[in-house]
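Next come the chains, spelled out residue by residue.
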Amino acid sequence: MNTLLFPVILAGGKGERFWPLSRKDRPKQFLSLDGSSRSLLQATADRLIELGGGWDFLWVITSSQIAEGVRQQLPDLPVENLLIESEGRDTAAAVAWTSLEIKQRYGENAVIGFFPADHWIADQEAFAHTLSAATQLAASTAAIVTLGIKPTFPSTGYGYIEQGEKIGSFNELPAYHVNRFTEKPNRETAETFLSTGRFSWNSGMFVFRAGVVLKELHTHAPEIIEPLEQHGPDIYPQLPKKSIDYALMEKTTLAYVLPVDFGWDDLGDWNAIERLLKTEETPNVELGTHVGLDTQGAIIYASNPEDVVVTIGLEDVVIVRDRNVTLVVKKERTQEIKQILKILQSDSRFTDLL
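Remember, predicted model here, so these are calculated numbers, not experimental data.

Q: Before we move on, could you go through the pairing of strand 6 (residues 144-149) and cite the residues and values that matter?
A: Each regular strand shows side chains that alternate between the opposite faces of the sheet. For strand 6, a buried count of six out of six residues is recorded, marking the element as mostly surrounded by other parts of the structure. The alternating pattern of strand 6 places Ile144, Thr146 and Gly148 on one face and Val145, Leu147 and Ile149 on the opposite face, and all of these are buried. Bridge count for strand 6 against strand 9 (residues 199-209) is five bridges, and the pairing is antiparallel. Looking at the pairing, valine 145 lines up with valine 207 of strand 9. Here strand 6 pairs with strand 10 (residues 255-260) via six bridges, running parallel. Residue pairing in the sheet places isoleucine 149 in a bridge with valine 260 of strand 10.

Written as structure tokens, this is what we have:
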């Protein structure tokens, strides 16, 4: 089966946990965090247009605040394939609106895939093989297919998917009905999940036919899909703010999972840089000029090549120097960067730092 996939990049996030490098005018998806010359958004587009359809079949949905930046980053993207949200309402609204638009243009049997803009994929060939399998499953079955990442450690930062009955193989990859989705567990629960061999990390990547997902949204999230059908995107600011996981995936009986392993990271915060770039030969991860004494386990980033970061006696810290801000934080507390941003936002002296 050679069914065409319409890939959609979800590019509306803020990436606050990568502050101060990620800011309102330069969100995380516009950054290059792996030492390459391509931003996360550009690298995602590169992967997806290689799947066969080319630029004419790639879609992006983003916010009005960064739409111009998306156009600059992806100049080959057809203007009609860029959907601009007047106000961010999380992923359920984004999936609903894009699916409606693609159905209108290509019909209800169009197979759509949704992909966050901030993922890192190690093995492009294995990724393409997996997407071919997911497309086959979605085209032949009333299925909402999610890609489950084989866990490599008991993460408490990812959601989990429990696989149920095997329904067959697609492109030589086994597919399973989803028993349940579980939000971020504690350490003990995550270890139990891994010991069973039945759980995958929830990647946030989904594949389905337009008609299938729209019907399921009518059943489980009518408060989102019905206003969009009746009023179009002008109703966007009035839609409830819900994730696609909460609005649909945790409720539908049509969820299927492909457990896959192609080298993946969702680049959620600064610690992801260490997972990508750390080697046994070096005590720290350095993206910038660093002079250190008795410093190890540090992640150091300086956007200006002329800036020099000097450290003495530090361990397991993140140091980021960008423009007029220097951030120093313990690695285990990088999730709290969002709390700092709320403090800065409440003080008029610091609004230009956001």
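Past the structure itself, the notes keep going.
Q: Summarise the environment of glycine 232; cite the residues concerned and give the values.
A: If you trace the backbone, glycine 232 turns up in the loop between helix 7 (222-231) and helix 8 (244-249). Remark: the alpha-carbon pair of glycine 232 and leucine 100, spanning 132 residues in sequence, is separated by 9.5 Å.

Q: So what's going on with a positive patch on the surface? Which residues, and what values?
A: A cluster of basic side chains, namely Lys14, Lys24, Lys184, Lys241, Lys338 and Lys342, defines a positive patch on the protein surface. Given a relative accessible area of 38%, lysine 338 falls into the partly exposed group.

Q: Residues and numbers for the packing of helix 3 (residues 90-106) against helix 6 (residues 210-220), please.
A: Axis separation between helix 3 and helix 6 bottoms out at 9 Å; the angle between their running directions is 135°. Regarding the angle of helix 3 to helix 6, the classification is oblique. By crossing handedness, the relation of helix 3 to helix 6 is classed as left-handed. Between helix 3 and helix 6, the residues in contact are Val95, Ala96, Ser99, Leu100 and Lys103 and Ala210, Val213, Leu214 and Leu217, respectively.

Q: Quick one: what's the story with the nonpolar core, residue by residue and with numbers?
A: The biggest cluster of nonpolar side chains holds 44 residues, and the ones touching the most others in it are Ile9, Leu258 and Phe262. Looking at this core, the element that brings in the most residues is helix 4 (residues 124-140), giving six residues. If we skip the residues at most four places from it in the chain, isoleucine 9 touches Leu41, Thr44, Ala45, Leu48, Leu58, Trp59, Val60, Ile61, Phe115 and Ala117. Counting residues in hydrophobic clusters, the runner-up holds 43 residues, among them Trp59, Ile61, Tyr236 and Leu254.

Q: Give me the pairing of strand 9: which residues, what numbers.
A: In terms of residue burial, strand 9 counts as a mostly covered element, since 11 of its 11 residues are buried. Pairing analysis gives four bridges linking strand 4 (residues 111-116) to strand 9, with the strands arranged antiparallel. Within strand 9, the residue paired with isoleucine 112 across the bridge is phenylalanine 208. Alignment of strand 7 (residues 160-170) against strand 9, held across three bridges, turns out to be antiparallel. In the strand pairing of strand 9, isoleucine 161 is matched with serine 200.

Q: Report on the packing of helix 3 against helix 7, specifying residues and quantitative values.
A: Between helix 3 and helix 7, the shortest axis-to-axis distance is 10 Å and the interhelical angle comes to 40°. With respect to helix 7, the axis of helix 3 lies oblique. Handedness of the helix 3/helix 7 crossing: right-handed. Mapping the contact onto sequence places Ala92, Ala93, Ala96, Trp97 and Leu100 in helix 3 and Ile224, Ile225, Leu228 and Glu229 in helix 7. In terms of residue class, the contact of helix 3 with helix 7 is made up of eight nonpolar, no polar and one charged.

Q: Give a detailed account of empty space enclosed by the protein, specifying residues and quantitative values.
A: Over the atoms rolls a probe the size of a water molecule, and its path tells where empty space is left. Scanning the model with the defined rule gives one cavity of 30 Å³ or more in all. If you add up the space inside the largest cavity, you get close to 40 Å³. Forming the walls of the largest cavity are Thr44, Arg47, Leu48, Phe115, Pro116, His119, Phe127 and Met205. Going through the elements one at a time, helix 1 (40-49) and strand 4 are the ones with two or more residues in the lining of the largest cavity. The element best represented in the lining of the largest cavity is helix 1, accounting for three residues. A breakdown of the residues in the lining of the largest cavity according to their chemical character gives five nonpolar, two polar and one charged.

Q: A description of the packing of aromatic side chains should follow, citing residues and the corresponding values.
A: Tallied over the entire structure, the rule returns 15 aromatic pairs. Where phenylalanine 57 meets tyrosine 106, the ring centres are 6.3 Å apart and the plane angle is 40°; that geometry is what we call tilted. Within this pair, whereas phenylalanine 57 is found in the loop between helix 1 and strand 2 (59-63), its partner tyrosine 106 is found in helix 3, the two being separated by 49 residues in sequence. A residue is classified by how much of its surface remains accessible, and phenylalanine 57, at 24% relative accessible area, is partly exposed.

Q: Tell me about the sheet that holds strand 16 (residues 317-322), and please be specific about residues and values.
A: Spatially, the four strands line up as an open sheet ordered 12-14-16-17, and their pairing is mixed. Looking at the sheet topology across the chains shown, the edges are occupied by strand 12 (285-287) and strand 17 (325-330). The mean angle between the axes of side-by-side strands here comes to 5°, regardless of whether they run parallel or antiparallel.

Q: I'd like a description of helix 10 (residues 337-345), backed by residues and values.
A: Burial in helix 10 covers these residues: Ile337, Leu341 and Leu344. Buried residues of helix 10, seen end-on, are gathered within an arc of 60° and therefore sit on one face of the element. Pointing more than 90 degrees away from the buried face of helix 10 are the exposed residues Lys342 and Ile343. On its buried face, helix 10 sits against strand 17.

So, how was this worked out
- Residues numbered from 1 in each chain as written.
- Predicted model: local features only at pLDDT ≥ 70, side-chain atom pairs only at ≥ 80, totals over all residues.
- Heavy atoms only, no water.
- Buried < 20%, exposed > 50% of the residue type's maximum accessible area, 1.4 Å probe, protein only.
- Helix = DSSP H or I, 4+ residues; strand = E, 2+ residues; numbered from the N terminus.
- Pairing = 2+ DSSP bridges.
- Patch = residues over 30% accessible without salt bridge, like charges linked within 9 Å, V, L, I, M, F, W, Y side chains within 5 Å.
- Areas by Shrake-Rupley, 256 points an atom, 1.4 Å probe, with all protein chains shown as cover.
- Salt bridge = Lys/Arg side-chain N within 4 Å of Asp/Glu carboxyl O.
- Lys, Arg positive; Asp, Glu negative; His and termini not counted.
- Charge placed at Lys NZ, Arg CZ, Asp CG, Glu CD.
- Axes fitted to C-alpha atoms, helices over the stretch in contact; angles between N-to-C directions.
- Parallel < 35°, antiparallel > 145°, perpendicular 65-115°, else oblique.
- Left-handed = near helix turned anticlockwise from the far one by under 90°.
- Contact = heavy atoms within 4.5 Å.
- Core = buried A, V, L, I, M, F, W, Y, C linked by side-chain atoms within 4.5 Å.
- Nonpolar A, V, L, I, M, F, W, Y, C, P; charged D, E, K, R; others polar.
- 1 Å grid on protein atoms, 1.4 Å probe; cavity = no way out; pocket = protein on both sides within 12 Å on 5 of 7 lines; lining within 4 Å.
- Points joined across faces, edges and corners; volume = space filled by probe spheres on them.
- Phe/Tyr/Trp six-rings, centres within 6.5 Å; stacked < 30°, edge-to-face > 60°.
- Arc of directions from axis to C-beta.

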